[in-house]
Amino acid sequence: MDSQLDPSTSPPAPIAPDLRSQWMLRPDVAFLNHGSFGAVPRAVFEEQERWRRRLEAEPIELIGRRHPALIEAAKEPLAAMLRVRPQDVGLVTNATEGVNAVLQSLRLAPGDELLTTTHVYNAVRMAMRHTASRHGATYREMHVPTPLASARQIADTVVGALTDRTRFLMIDHVTSPTAIVFPVADIVAACASRGVEVLIDGAHAPGMVELDLPALGAAWYAGNLHKWTCAPKGCGFIWVRPDRQAEFHPTVVSHNYGTGLAPEFNWQGTRDTSAWLTIPAALAFMEKLGWPRIRQHNHALATWAHRMLCERFGVEPLSPLDGSLLGSTATVRLPGALANLDEPQMRALQQDLYTSERVEVPLFPWQGALHLRVSCAVYNRPDEYKRLGDVITRRARV
Ligand SMILES: Cc1ncc(COP(=O)(O)O)c(C=O)c1O
C-alpha cells in the first residue's frame, strides 16, 4: 500500500484549525488522557454555568415544577444518538453508578455465576465482587490474553468461558486497560442462546463508536458522556431493555419508586442537575464538528500513534497494527526496563511525566508489564504523540 495512504503510517489532518483553543486545557501540556475524565469545550462549560445561574435564580420553578420536563428534554438528543426511546434511558452521574444500579437489581441465587473478563475496569470488578458476595454467588474473570488478532478470537474466548452456572455476563464495549473494541453484538447473541443476560459497560463508547443500543441486544447498557461526547463531568446513562425494566431501579430509591424507569431515574433526590441539562449543548457542539468526521479522525490518529509508538519502543502490539480492534485509544507496552518498574516507581514516573515533561498519559500494569494508554481526541495533534515517544525512549535509556 502507498505509505501516504496507509492510515497507520501517516497521521490524519485536523478536522478544523486550532481546535485545542476551544478547550480549556493547559496549553503547555500534551494532554493524551482524554479517556479518563474527558474535557469540556469552553462553550459547553459556559452553558453549564448558565444552567447553574438559572437554577439558582428560580430553584422552585426549575428544580421543583419544571424538573421532569427539563430532564426529558435533555434526554432527547441523547436518545437519538443512542437510537433508543427516551423512556428507556435514565441519567446517572457516571458509568459506575449505572453498573451498580444493574447489579443491585439482579435476582441471584447461591451458586449462580457472575462472569466478566480480565479487561474489566477495576471499579466494576469491585461492584461485581460485592454483589456476588451478598448473594452467595461466584464471581469469575476469564482471561482474554493479549496479543489479540481478531474480533472472532475475542468472541470465541468469551463465549467459550460460559458455563451452566453463568447467569450474568458483564462485557466492556471498549476496554479500559487494553483499549480494545470488543465484538459485543456477537457476544450478546451467543449469550442469548444460552439464557445469559449481558450488561455492556460502554463507559468509553459513546462518541467513540457509532451506537444503536437496541440492535446490540443486551439487557443493559451503561455509558459515560463526559468522556467522548465532551459533556460536563457528572453525565452518564443507563439504558434498559423494556422487558427488564419492571425489576430495575436506580441505586438511590426515592419518591418515584415503582412508577417506571424514566421517573425513577429523573428524581433521585435534590441535586445539581446543571451537568445533565447541558447534555444537549455538548452533543450539539460535537454534532457541529460532525460525528463521522470526529470518529474517523480520532480512530486514524489512534491507529497511527499505536504503530508509531510500538515501533519506537520496539514492543509487540496488543492488537493488529491496522487498528482493526481500536477505537480512539491505544495501549502500548513501555520499552525495556521501564516495563518492569514496581508500583512506587511507576507512580513516581507518572508524576514526573506530568511535572517535568508536561505530558499527561496514564501508566498501569497489564499482564505483568507496565503499559501506557494514549487517547486521541479531536483536539490532539500528532506532534504530541511524537513528544511522548521522545520522552519515554529517553527515559528508557537512562
Ligand atoms: C471501562 C470503564 N468502565 C467504567 C468506568 C467508570 O467510569 P466512571 O468513573 O465515570 O464511573 C471507566 C472509567 O474510566 C471505564 O473505563
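Keep in mind it's a predicted model, so treat the numbers as computed, not measured.

A.B. asks: Break down the site of the ligand for me, citing the residues and quoting the values.
C.D. replies: Residues in close proximity to the ligand include Asn-94, Ala-95, Thr-96, Tyr-121, Asp-172, Ser-176, Asp-201, Ala-203, His-204, Asn-224, His-226 and Lys-227, which together make up its full environment. Residue Ala-95 places a main-chain N or O atom 3.4 Å away from an oxygen atom belonging to the ligand. Starting from 390 Å² of accessible surface for the ligand in isolation, the protein chains cover 90%. Applying the majority rule of atoms within 2 Å of the grid points places the ligand in the largest pocket. The residue inventory of the shell around the ligand, partitioned by class, reads 3 nonpolar, 6 polar and 3 charged.

A.B. asks: Summarise the layout of surface pockets; cite the residues concerned and give the values.
C.D. replies: If you add up the space inside the largest pocket, you get close to 900 Å³. For the largest pocket, the lining is made up of 36 residues, of which Ser-36, Tyr-121, Asn-122, Ser-176 and Arg-373 are closest to its centre. When residues of the lining of the largest pocket are traced back to their parent elements, those giving at least two are α1 (34–37), α5 (95–105), α6 (122–135), β6 (197–202), α14 (343–355) and β11 (363–366). For the lining of the largest pocket, the residue count by class is 14 nonpolar, 14 polar and 8 charged. Empty space within the second largest pocket amounts to approximately 200 Å³. For the second largest pocket, the lining is made up of 13 residues, of which Ala-80, Met-81, Glu-287, Trp-291 and Arg-295 are closest to its centre. Broken down by element, the residue count for the lining of the second largest pocket peaks at 4 residues, all from helix α4 (residues 67–82). In the lining of the second largest pocket, the residues fall into 8 nonpolar, 1 polar and 4 charged.

Reading the values: the criteria
Residues numbered from 1 in each chain as written. Predicted model: local features only at pLDDT ≥ 70, side-chain atom pairs only at ≥ 80, totals over all residues. Heavy atoms only, no water. Near = heavy atom within 4 Å. Polar contact = N/O pair within 3.5 Å; in protein donor to acceptor, adjacent residues only side chain to side chain. Areas by Shrake-Rupley, 256 points an atom, 1.4 Å probe, with all protein chains shown as cover. 1 Å grid on protein atoms, 1.4 Å probe; cavity = no way out; pocket = protein on both sides within 12 Å on 5 of 7 lines; lining within 4 Å. Sits in = over half its atoms within 2 Å of the grid points. Nonpolar A, V, L, I, M, F, W, Y, C, P; charged D, E, K, R; others polar. Points joined across faces, edges and corners; volume = space filled by probe spheres on them. Helix = DSSP H or I, 4+ residues; strand = E, 2+ residues; numbered from the N terminus.

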